[in-house]
Structures are given as structure tokens and as C-alpha cells.
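Chains, contacts and geometry: an overview
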Amino acid sequence: MPDRRLVLLALLLAAAAAAFLLIGARGSWSFLLAFRGQRLLALALVGAAVGVATVMFQTVSGNRILTPAIMGFDALYLLIQSGLVMALGATAYVQIDPRAKFLAEAAVMMLAASTLFAALLGRGRSDLYRLLLVGIIFGTLFRSLTNLVQRLIDPNEFAIFQGAAFARFSNVDTGLLAAAALLVALGAGYGWAARHALDVATLGREAAVSLGVEHDRLSRRTLIAVALLVSATTALVGPVTFFGLLVASLAYVLFPEPRHGLLLPAAALIGATALVAGQTLFERLLGMASTLSVVVEFGGGFLFLFLLLWRRR
Amino acid sequence: MSRAALAAAGLGLLCLVSVAVGVGDLRVAGIGRDAEADLLLFVSRLPRTAAVVLTGATMAVAGLVMQVIARNRFVEPTTAGTGESAALGLLLVTILAPTASLPAKMGVATLTALAGTAVFLAIVRRLPPTQPLLVPLVGLVYGGIIGAGVTFLGYETDLLQYIAVWTSGEFSGVLRGRYELLWIAGAVAVVAYVFADRFTIASLGREASVGLGVSYGAMVALGLGIVAMTTAMVVVTVGMIPFVGLVVPNLVSRAMGDNLRRTLPYVAASGAGLVLACDILGRLIRYPYEIPVGTVFGVVGSAIFLWLLLAPPRRA
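One structure accompanies this document, and this report is about it. (Residues numbered from 1 in each chain as written. Chains lettered and ligands numbered in written order. Predicted model: local features only at pLDDT ≥ 70, side-chain atom pairs only at ≥ 80, totals over all residues. Heavy atoms only, no water.)

**As for the overall build of chain B**
A count of helical and extended segments in chain B gives 13 helices and zero strands. Overall, chain B shows an N-to-C arrangement of helices and strands of α-α-α-α-α-α-α-α-α-α-α-α-α. Relative to its length of 316 residues, chain B is compact, with a C-alpha radius of gyration of 20 Å against a globular reference of 20 Å. Across its three principal axes, chain B shows a C-alpha extent of roughly 60 × 55 × 35 Å. By the burial criterion, 53% of the 316 residues in chain B qualify as buried. With the model as given, the accessible surface of chain B reaches about 13200 Å², and the carbon-plus-sulfur share is 67%. In chain B, the 21 positive side-chain charges and the 15 negative ones have mean positions that sit 11 Å from each other. (Helix = DSSP H or I, 4+ residues; strand = E, 2+ residues; numbered from the N terminus. Rg over C-alpha atoms; globule rule 2.2 N^0.38 Å. Buried < 20%, exposed > 50% of the residue type's maximum accessible area, 1.4 Å probe, protein only. Areas by Shrake-Rupley, 256 points an atom, 1.4 Å probe, with all protein chains shown as cover. Lys, Arg positive; Asp, Glu negative; His and termini not counted. Charge placed at Lys NZ, Arg CZ, Asp CG, Glu CD.)

**Here's the deal with the packing of aromatic side chains**
With the rule as written, the count across this model stands at six aromatic pairs over all chains. Note on B:Phe74 and B:Phe305: the rings are 5.9 Å apart at their centroids and 20° apart in plane angle, and the pair reads as stacked. Of this pair, B:Phe74 sits in the loop between α2 (35–70) and α3 (82–96) while B:Phe305 sits in helix α13 (residues 293–310), and the two are 231 residues apart along the sequence. Taken together, the ring pairs in this structure connect B:Phe74, B:Phe243 and B:Phe305 into an aromatic cluster. The cationic tip of A:Arg64 hangs over the ring face of A:Tyr252; the distance from NZ or CZ to the ring centre is 3.7 Å. Looking at A:Arg195, its charged tip hangs above the ring of A:Trp192, at a distance of 4.0 Å from the centre. (Phe/Tyr/Trp six-rings, centres within 6.5 Å; stacked < 30°, edge-to-face > 60°. Lys NZ or Arg CZ within 6 Å of the ring centre and 35° of its normal.)

**With respect to the pattern of salt bridges**
Scanning all chains against the criterion turns up eight salt bridges over all chains. Of the charged contacts in the structure, one is a salt bridge between A:Arg5 and A:Glu257, with a shortest N-O distance of 3.0 Å. Highlighted residues: A:Arg5 in helix α1 (residues 4–22) and A:Glu257 in the loop between α12 (243–254) and α13 (260–285), separated in sequence by 252 residues. For A:Arg217, the salt bridge identified is with A:Glu214, shortest N-O distance 3.7 Å. Taken together, the shared-partner salt bridges connect B:Arg48, B:Asp279, B:Arg283 and B:Glu290 into one network. (Salt bridge = Lys/Arg side-chain N within 4 Å of Asp/Glu carboxyl O.)

**Things to note about unusual backbone geometry**
All names here are of chain B. Positive phi, close to 50°, is recorded for Arg-71, a residue that is not glycine. Within the secondary structure layout, Arg-71 lies in the loop between α2 and α3. Since its relative accessible area comes to 48%, Arg-71 is described here as partly exposed.

**Concerning the state of the cysteines**
Residue and element names in this part refer to chain B. A complete count under the given rule lists zero disulfides over all chains for this structure. No disulfide involves Cys-15; its sulfur sits 14 Å from that of Cys-278, the nearest cysteine. In this structure Cys-278 comes out as buried when scored by relative accessible area, which is 4%. (Disulfide = S-S within 2.5 Å.)

**Looking at helix α6 (residues 128–153) of chain A**
The terminal C-alpha atoms of α6(A) lie 37 Å apart, and with 26 residues this matches the ideal 38 Å at 1.5 Å per residue to within 8%. Counted residue by residue, α6(A) has 19 buried out of 26 residues, so it is predominantly covered. (Expected span 1.5 Å × (residues − 1).)

**A closer look at the interface of chain B and chain A**
Listed per partner, the contact involves 36 residues of chain B and 38 residues of chain A. Taken together, chain B and chain A are joined by zero salt bridges. At the surface where chain B touches chain A, the tally comes to zero residue pairs in polar contact (both at pLDDT 80 or more). Of all the secondary structure elements, the ones that give two or more residues to the side of chain B that touches chain A are α5 (134–156) and α13 of chain B. Considering every element that reaches the side of chain B that touches chain A, the biggest residue donor is α5(B), with 13 residues. (Contact = heavy atoms within 4.5 Å. Polar contact = N/O pair within 3.5 Å; in protein donor to acceptor, adjacent residues only side chain to side chain.)

**Quick notes on the side chain of B:Ser209**
Residues and elements named next belong to chain B. If you trace the backbone, Ser-209 turns up in helix α9 (residues 206–211). In this structure Ser-209 comes out as buried when scored by relative accessible area, which is 0%. Within polar-contact distance, the side chain of Ser-209 engages the backbone oxygen of Arg-206 at 3.2 Å.

**Observations concerning the packing of helix α3 (residues 73–88) of chain A against α6(A)**
All names here are of chain A. Across the interface, α3 lies against α6 with an axial gap of 9 Å and an inter-helix angle of 20°. In terms of axis orientation, α3 runs roughly parallel to α6. For the pair α3 and α6, the sense of crossing is left-handed. Contacts from Ala-75, Leu-76, Leu-78, Leu-79, Ser-82, Gly-83, Val-85 and Met-86 in α3 reach Gly-139, Phe-142, Arg-143, Leu-145, Thr-146, Val-149, Gln-150, Leu-152 and Ile-153 in α6. Residues that form the contact of α3 with α6 fall into these classes: eleven nonpolar, five polar and one charged. (Axes fitted to C-alpha atoms, helices over the stretch in contact; angles between N-to-C directions. Parallel < 35°, antiparallel > 145°, perpendicular 65-115°, else oblique. Left-handed = near helix turned anticlockwise from the far one by under 90°. Nonpolar A, V, L, I, M, F, W, Y, C, P; charged D, E, K, R; others polar.)

**Here's the deal with a nonpolar patch on the surface**
A cluster of nonpolar side chains, namely A:Ile23, A:Leu281, A:Leu285 and A:Leu286, defines an oily patch on the protein surface of about 340 Å² accessible area. As for its position among the elements, A:Ile23 is in the loop between α1 and α2 (29–61). (Patch = residues over 30% accessible without salt bridge, like charges linked within 9 Å, V, L, I, M, F, W, Y side chains within 5 Å.)

**Quick notes on empty space enclosed by the protein**
Residue and element names in this part refer to chain A. For the coordinates displayed, the defined rule picks out one cavity of 30 Å³ or more. Counted as a void, the largest cavity has a volume near 100 Å³. Taken together, Val-50, Ala-53, Thr-54, Thr-67, Pro-68, Ala-69, Asp-74, Val-230, Thr-233, Val-240 and Gly-244 make up the lining of the largest cavity. Counting residues per element, the ones that place at least two in the lining of the largest cavity are α2 and α11 (215–237). Broken down by element, the residue count for the lining of the largest cavity peaks at three residues, all from α2. Its residues assigned to classes, the lining of the largest cavity shows six nonpolar, four polar and one charged. (1 Å grid on protein atoms, 1.4 Å probe; cavity = no way out; pocket = protein on both sides within 12 Å on 5 of 7 lines; lining within 4 Å. Points joined across faces, edges and corners; volume = space filled by probe spheres on them.)

So far we have only geometry, and geometry alone does not tell us how the molecule works.
Structure (C-alpha cells):
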């Protein structure tokens, strides 16, 4: 018997998906369903991946403010992407199969993120604010480096890459859908397999170690899984800073008990529902196609300030 | 050689390089005789160099003043929402009164920058003094929220391109007649130097400064005015450059301590030198193209910021 709250969330997601597919539908159904269906899958995939990645990351880093995106994971992925363009040359880069490219980028990302952030988390565990600030500044550094690299590639073709700097929910890159789904399945699958260890890890590093969970190994592997999830979402829609924070906070409100067997699916469902419903609302009903990302950043920013100022531990 | 002479010589050298570097061929022999050489020198190269020097120096001074009035080493106009507030003001004027004169636009931008920074200071006063890193953190997110609002407004009104100009610093558009507002920012920085001793006392806090006969409230108000005016001028003429006001005062303070009367000229000179070096670098890396100084300094500035955060402090 699944948890009733999860069933409710699943029903909400189904309703949002139906609204996304059907509202304002005109013309050939076969084309429409195929076209909208792909976008629906991509949005749901991104929402779920962001939710799961954020909960896993917050569990191993031992706080509920920090998210992979705030720590600069998305920015790191974009940097790797443009670094690859520079290493290969723009013409060669365009000729490679986009899926192979995407998987190669994800592999580099796994390596870079797990070494860099494992070192940072190990060092900054005692001082959350320093860790947060360092993460944000790392994000700025990665973004500036990405800008620099993109300008170095070819200033005339600079505009081609510039689109990647904003999240674009209305223009999802569906060509990578299958490859991204594979990565999300791998990352989320690891989270599911490790759900009991993650439950123990919420007690803190010392308690977890004394209960027989190898915390350092768990964090490193979780960071690798998070890197996979972030690679998939960033490749599909670009960087989203505060969305994960919103989703994870909602999941904690609905599921106060630290059971990842419930938390992870809940975060996935909430993330997917929020993106699909939000996009339906803004695109179909309000006619403002690209504003969802701005609204998410706005609301997420306020939530971040709230958590920082009024819910300090 | 004394420290002052060294700083002056370094800055002078950088200025010479800045005047010499560019796509157009500047023949030194032609200056004063050849009209083309004069045009290049006086319309493009000298104004650009002056604009870079003024921006770097005034942003560094504004950052230092901001750190004094917020009593925190890790704040500056880009980590306190000041730049975003100025951009918001400019955007509002552009939408509501597109025909407003430049001084009017400047005035509105200054006022919104002032209001935005004052709100930030009010938030900061509520934070526990034992957590100094919470202040820039809150400031960055606060600026991000205002920035999201600016992006939203700009997107809805098709003015995103203006916003890109205001938020990313670039000097390639500087010609004679287009940067002179920055001299006002320079004058404002001189005002900061005149009051340097009182700012040093104000940096000790309300009780200490009132005890020493300095009106703390007046100094905070003056500091706010200096920061808001400088930021507004820089945003409207060249655009924001991140972290200049943060890293430069911290580097100088590590070497020379916190007596503003002594350090302020060095802060100004180092700010000018650092931004100038980044601007020259941006002109040379991908010659004959230019990389905006905001991008170059984004890399340099955030790297130094990270070092400041992670390196162990030299003094306890």
C-alpha cells in the first residue's frame, strides 16, 4: 500500500500533464500529441531530476539550504561544455553526434564535480555560511570562465552559445531526451538503491559512521549521481538556480520524516508537477512563454532568504 | 623606492600601455602634427584610459565605504543589490519617461540605488554579528531577487539589451563625450577621502564613534550617498564590474591595515590599476577583438574572492 500523500501527488502530476497536453489543442492529434508529449516528458524529467538531485545533495551535505545549483553544478557543466568546444574547435564540435557529446560531457562532469565538491564539502562541513558563499562564488567564477571561453572560441559565433545562459522551459532540447533519461535513471536509481544509507546519513556524519555507514564513500557516490542528474537537466533546459530549493523544501514540509524511500519519489513528483503545471499556466493560460524561469528564480530567491534569515539552526 | 612612488609608477606605466594598445595604429611621431593621430589619441584612447581609471578607482573606494558602513569586509555594491537597484531605476525611467534627460535618469538611478542599499543595510542590522559571512550571502541573493525583477520587466518590455549593457562592464564604447559623468564619481571619491578619518572612526561602530564625537548616523548617510552615486554613474556609463570593490580593499587592508586616511589613495590606485590591467588583457587576448572587462574581471575577481575566503587569515 503506497503512501496516500504519494498517490495524491501522482494524481496531481497526471492532472497537470493532461492539462498540458489538452488545453488549447487544435489540429491534427497525432502530430500534437507527439510534439507536446515529447516536451511533456522532457519537462517532467527535468523537474523530477532536479528534485531528486537536491534532496540527495542536501542529505549528504547535512543542510537544507545548499543545493547543487547554488553550489555551481550547473555552471560547471556549462563550463565543461564550452571548454570542450574550445578543445575540439567549433566545426569539429558541431559534427560529432550530439548524444555522444552529451555523454562525454556528463562523464567529465562526474569526475570534476565529485573531486571538487567532495573536497569542498569535506573542508567546509563545520562552517555552512563559508561553504555557501564559496559555492556561490565558484558559480560566478565558472560562469565568467564560460563567458571568457565562449568569447575566445570565435567572437562572431558567440551568439550561438549565448542562449545557454538562460533556462528555457519553452524550448526544450528534445533531441537529447533519450540520453538524458538514461542518465537520470542511473542517478535516481543510485539514490533509490542507497535510500536506507541516506536515511542514516541524515543523523549527521559522526552518528552515521558509528552506525556503520561509510559516510565519505556515500557522499562521494551521491555527488557523482547528482552530477549525472545535473548534467541531464542542464543539457535539456539550461541552468535553474533556485528551483531545486523550492521543490526540496516542499517535499520536507509534506514528508517531515527523514525516509528517503518516500522523500525521493515525493521530490521527483513535486518537481515534475511544478514544472509541467507552471509551464501550462504561463504558456497556455497567460501567454507568457519564457517567464516561468524568472518567476521560479524570484520565488526561490525569497525562499532562500527566508531559510537563511528566519530558519537558522 | 617608496610605496607611493611605486604605486604611481605602476599605474602610470599601465596608463601608457592602455593608450598604446588598440586596433588603430597610433604613431607617436604624429601626435600634435598629424590630425588623424590626434583624433585617435584624444577622442578614443585617452578618454578610454581615463574612464577605466575612474571606474576602477571609484568602485574600489565605494566598496571600501560600503564595508565601513555595513561593518563587514565582504560587501560591496554588487553584493548588496546596489547595482541591480540602479539598473532597476534606469529601466523604470526608460519605460515610464523615455525622453527624460541624462541628468534626470542619473538622478532616478541614484535614488533607487540609495533605496535598495538602505533596505539591504536594514536587513544586515538584524543579522547576528557573529556570522560575518551571512551578510554577503544575503546581499547576493537580495541582488539576485532585484535582478530577476529587472530581467522580468526588461523581457516584458523588450529592453533586455539595455540591461545587458548596464550589468556587464565594457569600455569599448567609450569615446570623448560619452564618459564624462564618471568625473562626478571621481569627485565623490574625493569627498570620501576628505571624510576618511571620520569613516575610520565610524568603522569602529556606533558606540565607539559617538563616544569619539563622530555622528554615526550622519556618516552612514554620507557613505550611502557616496556608494549610491558612484554605482549609478558607473552603471549608466560603462556597466557593473563584479567584485572590484570587494577584492581591492581587502588586498590593500591585508598589506596596510585599516586607517582610511593612509589606505584610501592606495585602494583607489590599486582599483584603477587592476581594472586597467584587466581591460588591457581583454583587448590583447583575442586581438583584434575585445573581451569585455566585466568578463575578464569576473574571472580575476572571483578567483581572488575565493582565495580571500579559503586562505587562512594572516592575523588572528
